[in-house]
Amino acid sequence: MEEGMYRAVSGGRIALQRRQYSASCREFSVRCPRLQLRSLSAATCSVWLAAYGLFVLSQNSMVLSAAIFITLIGLIVYLHFVKIDQESLLVIGSLGIQMTSSYASGKENTTFIEMSQVKDVVINEAIYMQKVIYYLCILLQDPREPHGVSEVVPLFQKVKYFDHKARDQRITTTVCN
Amino acid sequence: MVLKVFFPSCCATAESGLLIGRWIPEQNSAVVLAVVHFPFIPGQVKQYLSEVQRVTQVNMCVLGSWSNSKQEKEEVLDKFLEDLSTIFSHEPWIQLSKEGDSKFWSCCIFQKYPSSPKEHEFILVYYDQRKVMLSQLHPTDSLTTSADHKGNDASELGAVFDTVAKSKVLFMTDRYDDGPIKLTHWQSEGVEASIIVELMKQASVPVCVLLTFLLSLVSSVCKSRVLKFWPLSFIWSKLSTCEQLGHRLEHLQIISSNRKAQNQTQLMRKANIFVSLLIDVALGILLMSWLYRENRIGQLADTLIPVADHIAKELQDLLQWLMGVPAGLKMNRALDQVLGRFFLYHIHLWISYIHLMSPFIEMILWYVGLSACLGLTVALSILSDIIALLTFHIYCFYVYGARLYCLKIYGLSSLWRLFRGKKWNVLRQRVDSCSYDLDQLFIGTLLFTILLFLLPTTALYYLVFTLLRLLVVVVQGLIHLLVDLIDSLPLYSVILRLCRSYRLAASVKFRVLEQKPGKPLRLLMQINPLSYGSVVQTYRLTSYACYPKDSWSSLCKKLFVGELIYPWKHKEEKQD
């Protein structure tokens, strides 16, 4: 198992972990930094200050309970639908490729693509604001029509893993072999 | 070369024996369905397999041997198992062996004519046999037509699911049977069945026959010539209640048909229709029990007449306002008075008609409310029809205003062309220049001026009544949308997704289990269920929804020109 620290497109630090289970099975997982306590406290404090200000203006205590409700619901929604803990790519030779994204609340979203549908794994370029970023994607083919590309599936979408071309190339060569 | 073995997790503790299942040569994978135990006679095993193969159409054979030794490796057993490979010739012969309680099995292959000298790599995939058997794979649209497992391009997972699902007959024998073959599979502890389900299956046959007979009576009455005469057939086509009743009749006919469902889609459709009808009738009865309590029908009837009166009074006030100086605009006095008086007389007629009906309203409502027991959708359709009847005068006013405005616009456009010296060529469907005589030009210009200065009055009446009509149309549309929602929501599929999510599978997911170097790769295959959105989309019942058939731009154009609009036209049945 090997691990390395890199930077995401947005600038945050992410960790890439590579594991090899057997000759034809490998897993690549990208981990995001955890939810920071200070950002959580900052958000909560700002919401509650605003609610208290409204309460002072309107003298309606419903505002305070509404603020608590909003904070709780917002936190649950954020943890369950927005905050990604880890994204992993499991490559099983001759079976297929599986992509899992796990959220901070424990929810896991899995997609499995069979090997017969995978045409190739490539590195694509995209222009994002003022820079060019490279991202991995899988080219899918219709098994009945091996010469056409039916879909392009970008990998590691949520984490926006990006760094030098070399690292992507390493993953690509590993996957293709 | 990679060899994949799909092994059912229920057979992991089985005694030593033979592995039977299906070998898929294109994908180099073996799907193990059961384990045959000692003692057995090879001839009987072969006979049994060919029988099962005939019934299930699955290419079943003996794949290899399975040895589960509680003590240390037994040499004698190994030799015996190798000899078996000569009796049941299968290329390649898979040998799985498990020692004691170890999690890590060893897998080797025995080939008479080794095709490639390379080392084989093994992948052991555990799967839950019962869940895979019951589940239905929903591939994405690119692979929807690969239902035939004969083609080489069939999806591998589809082949695995197909194999297990078709081998139901194999799972019917359990260890308490006295047959010559002893099998281990998911049902070998005893065949599962529910007595309630069996009783219901037996009872449903005569019930279906009775229902079919009743429905055929009802539909023959409906189709009789008496009801097809012109005024009646026109009324039936306009009333949404009749349409809704017709749909429900069709649904009942689908459920009560004697033919068994051919495939999964038809079965789910029948189940969805059944659950939808049940919920509909339950909600309808609930509504009925609420309505008939505390004389609510009487209260409703008592408030209906005052409400109708109130609407008429509001309309009269509106017309008085239009006949005066509406919003500061100065109307043409004479035309204003004519139109206003005409509409006021209409309202007077309508009010007298309502007052004529008032003693019978309560009785009519009482009997009409009884029809809510046919379902909530029927009750809502009746409500929509009652609204349509009560606002019939608004519809009439809209039609008058629209026709007048339309005529005026056409006249204006034609005279405008005359003004500029052009003419509409009907033959060539285009505008041509034309030389008019002086008297034609004079009269044309005069009429044009008259129509132009009378335009604001007509336009204002048209605007007011169109807005009222649109309001009524929007309310009716909302009711119809609700009815359509109840009609087409696949409740059974959604509940199935909630409670037995493995039955509706979108794909699978693999989990890598503990590994030991030197042993085959161990994976666990689990079912990834469909998302709720795709469940609703896949299993939606035919919707008879009346979506607006015009886009916004064409609607605006029609409004401007004065054409009559029917935005909620019932379109023809939408095929799934």
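Calculation notes
Residues numbered from 1 in each chain as written. Chains lettered and ligands numbered in written order. Predicted model: local features only at pLDDT ≥ 70, side-chain atom pairs only at ≥ 80, totals over all residues. Heavy atoms only, no water. UniProt positions renumbered as here; feature names shortened; annotations may be inferred. Helix = DSSP H or I, 4+ residues; strand = E, 2+ residues; numbered from the N terminus. Buried < 20%, exposed > 50% of the residue type's maximum accessible area, 1.4 Å probe, protein only. Areas by Shrake-Rupley, 256 points an atom, 1.4 Å probe, with all protein chains shown as cover. Pairing = 2+ DSSP bridges. Expected span 1.5 Å × (residues − 1). Arc of directions from axis to C-beta. Contact = heavy atoms within 4.5 Å. Buried area = accessible area lost by both parts, 1.4 Å probe. Salt bridge = Lys/Arg side-chain N within 4 Å of Asp/Glu carboxyl O. Polar contact = N/O pair within 3.5 Å; in protein donor to acceptor, adjacent residues only side chain to side chain. Nonpolar A, V, L, I, M, F, W, Y, C, P; charged D, E, K, R; others polar. Phe/Tyr/Trp six-rings, centres within 6.5 Å; stacked < 30°, edge-to-face > 60°. Lys NZ or Arg CZ within 6 Å of the ring centre and 35° of its normal. Patch = residues over 30% accessible without salt bridge, like charges linked within 9 Å, V, L, I, M, F, W, Y side chains within 5 Å. Axes fitted to C-alpha atoms, helices over the stretch in contact; angles between N-to-C directions. Parallel < 35°, antiparallel > 145°, perpendicular 65-115°, else oblique.

Per an unreviewed UniProt entry, chain B carries the name Phosphatidylinositol glycan anchor biosynthesis class Q and comes from Gopherus evgoodei.

The name recorded for chain A in an unreviewed UniProt entry is Phosphatidylinositol glycan anchor biosynthesis class H, from Gopherus evgoodei. Taken directly from UniProt, the Sequence similarities (unreviewed entry) text for chain A runs: "Belongs to the PIGH family." UniProt, in the comment section headed Pathway (unreviewed entry), describes chain A in these words: "Glycolipid biosynthesis; glycosylphosphatidylinositol-anchor biosynthesis."

Assigned secondary structure in chain A consists of 3 helices and 9 strands. Along chain A, helices (α) and strands (β) appear in the sequence β-β-β-α-α-β-β-β-β-β-β-α when read from the amino end. Taking all 177 residues of chain A together, 38% fall into the buried category. For chain A, the exposed area adds up to about 10400 Å²; of that, 59% sits on carbon and sulfur atoms.

We now examine the pairing of strand 7 (residues 121-127) of chain B. All names here are of chain B. Across the 7 residues that make up strand 7, a large majority, 6, are buried. Direction of pairing for strand 1 (residues 2-8) relative to strand 7: parallel, over a ladder of 7 bridges. Opposite Phe7, over in strand 7, you have Tyr126 as the bridge partner. Bridge count for strand 7 against strand 13 (residues 521-529) is 5 bridges, and the pairing is parallel. Pairing of Ile123 across the sheet is with Leu521, part of strand 13.

Turning our eyes to something else, we now look at helix 2 (residues 62-82) of chain A. Residues and elements named next belong to chain A. Taking 1.5 Å of rise per residue, 21 residues should cover 30 Å, and helix 2 covers 28 Å from first to last C-alpha, within 8% of that figure. Residues of helix 2 that are buried include every one of Val63, Ala67 and Thr71, and no others. Buried residues of helix 2, viewed axially, fall in a sector of 85 degrees; they line one side. When the buried face of helix 2 is taken as reference, the exposed residues oriented beyond 90 degrees from it are Met62, Phe69, Ile76 and Phe81.

Right, let's get into the interface of chain A and chain B. At the junction of the two partners, chain A supplies 18 residues and chain B supplies 22 residues. Where chain A abuts chain B, roughly 1700 Å² becomes buried across the two surfaces, and 58% of that area is made up of carbon and sulfur atoms. For the chain A face of the interface with chain B, the top three residues by lost area are A:Leu95, A:Glu114 and A:Arg144, together amounting to 30%. Between chain A and chain B we count 0 salt bridges in total. At the boundary of chain A and chain B, one finds 6 residue pairs in polar contact (both at pLDDT 80 or more). Where the side of chain A that touches chain B is concerned, the elements lending two or more residues are strand 2 (13-22), strand 4 (84-92) and strand 6 (108-114) of chain A. For the side of chain A that touches chain B, the element with the highest residue contribution is strand 6 of chain A, accounting for 3 residues. Across the side of chain A that touches chain B, the residue classes break down as 8 nonpolar, 7 polar and 3 charged.

A ring pair, where both rings are aromatic, is described by two values, the distance of the centres and the angle of the planes. Enumeration according to the criterion identifies 24 aromatic pairs over all chains in this entry. Ring geometry for B:Phe342 and B:Tyr400: centres 5.3 Å apart, planes at 50 degrees, overall tilted. Here B:Tyr400 lies in helix 12 (residues 392-419) and B:Phe342 lies in helix 10 (residues 333-370), a separation of 58 residues in the sequence. Consider the rings of B:Tyr405 and B:Tyr462, whose centres lie 4.3 Å apart with planes at 5 degrees: the pair is stacked. Taken together, the residues B:Tyr405 in helix 12 and B:Tyr462 in helix 13 (residues 438-488) connect sequence positions 57 residues apart. Both residues of the pair, B:Tyr405 and B:Tyr462, count as buried. Among the aromatic residues, those joined into a ring-pair cluster are B:Phe342, B:Phe343, B:Phe397, B:Tyr400, B:Tyr461 and B:Phe465. Above the plane of the ring of A:Tyr103 lies A:Lys107, whose end atom (NZ or CZ) is 4.8 Å from the centre. Across the ring face of B:Tyr532, the terminal group of B:Arg497 is positioned such that the distance to the ring centre comes to 4.7 Å.

All names here are of chain A. Residues Leu35, Val47, Trp48, Ile68, Phe69, Ile70, Leu72, Ile73, Val77, Tyr78, Phe81 and Val82 make up a contiguous nonpolar surface patch of about 1100 Å² in total accessible area. For the nonpolar patch, the secondary structure elements donating two or more residues are helix 1 (37-58) and helix 2. Element by element, the count of residues in the nonpolar patch is highest for helix 2, at 9 residues. Relative to the elements of secondary structure, Ile70 occurs in helix 2.

So, on to the packing of helix 8 (residues 264-291) of chain B against helix 11 (residues 376-390) of chain B. Residues and elements named next belong to chain B. Following both chains from N to C, one finds helix 8 and helix 11 inclined at 60 degrees, their axes separated by 7 Å at the closest point. On the basis of their axis angle, the class for helix 8 and helix 11 is oblique. Of the residues in helix 11, those in contact with Asp280, Leu283, Gly284 and Leu287 of helix 8 are Leu376, Thr377 and Ala379. A breakdown of the residues in the contact of helix 8 with helix 11 according to their chemical character gives 4 nonpolar, 2 polar and 1 charged.

A few words now on the sheet that holds strand 8 (residues 131-140) of chain A. Whenever strands of a sheet pair, they do so through backbone hydrogen bonds, lying parallel or antiparallel. Residue and element names in this part refer to chain A. Ordered in space as 7-8-9, the 3 strands form an open sheet in which the pairing is antiparallel. Single-partner strands in this sheet number two, and they are strand 7 (118-128) and strand 9 (151-154). Shown here is a sheet whose adjacent strand axes are inclined to one another by a mean of 40 degrees, direction ignored. The sheet contact formed by strand 7 and strand 8 spans 10 bridges and is antiparallel. Looking at the pairing, Ile123 lines up with Leu136 of strand 8.

Moving on: the UniProt feature "transmembrane region" (unreviewed entry) in chain A. Annotation from UniProt places "transmembrane region" (unreviewed entry) at residues 39-57 and 63-82 of chain A. As annotated, residues 39-57 of chain A comprises 100% helix and 0% strand, and the C-alpha atoms at either end are separated by 27 Å.

In this structure, B:Leu482 sits in helix 13. Along the backbone, B:Leu482 and B:Phe80 are 402 residues apart, and their C-alpha atoms lie at a distance of 70 Å.

Residues and elements named next belong to chain B. Mapped onto the present numbering, the UniProt feature "transmembrane region" (unreviewed entry) falls at residues 203-222, 273-292, 338-357, 364-391, 397-419, 440-464 and 470-495. Annotated as residues 338-357, this span is 100% helix and 0% strand, and its ends, taken at the C-alpha atoms, are 29 Å apart. The straight-line gap between the two end C-alpha atoms of residues 470-495 is 38 Å; of that span, 92% is helix and 0% is strand.

Turning our attention to the environment of B:Thr173. Here B:Thr173 is to be found in the loop between helix 4 (156-166) and strand 9 (183-184). Counting along the chain gives 17 residues from B:Thr173 to B:Gly190, while the straight-line C-alpha distance between them is 8.2 Å.

All names here are of chain B. Non-glycine residue Gln57 carries a positive phi angle of around 60 degrees. With respect to the helices and strands, the residue Gln57 is situated in the loop between helix 1 (42-56) and strand 4 (60-69). Judged by relative accessible area, which is 59%, Gln57 ranks as exposed.

This paragraph deals with the pairing of strand 6 (residues 106-110) of chain B. All names here are of chain B. Of the pairings in the sheet, the one linking strand 5 (residues 93-99) to strand 6 comprises 5 bridges and is antiparallel in character. Looking at the pairing, Ile94 lines up with Ile109 of strand 6. In this structure, the hairpin formed by strand 5 and strand 6 is closed by a connection of 6 residues, where Gly100 is found at a positive phi of approximately 55 degrees.

With that out of the way, let us pick up the pattern of salt bridges. A side chain of one charge can pair with a side chain of the opposite charge when the charged atoms of the two come close. All names here are of chain B. In this structure the tally under the stated criterion is 9 salt bridges over all chains. A salt bridge links Lys166 to Asp162; its shortest N-O distance comes to 3.3 Å. In this pair, Lys166 and Asp162 both sit in helix 4, 4 residues apart, roughly one turn of the helix. On the basis of relative accessible area, Lys166 is assigned to the partly exposed category, the value being 33%. Residue Asp162 is classed as partly exposed on the basis of its relative accessible area, which comes to 22%. Where Asp280 meets Arg248, a salt bridge forms, and the shortest distance between an N and an O atom there is 2.8 Å. With Asp280 in helix 8 and Arg248 in helix 7 (residues 240-255), the pair connects residues that are 32 residues apart, well separated along the chain. Residue Asp280 is classed as buried on the basis of its relative accessible area of 0%. Through salt bridges with shared partners, a single network forms among Arg248, Asp280 and Asp487.

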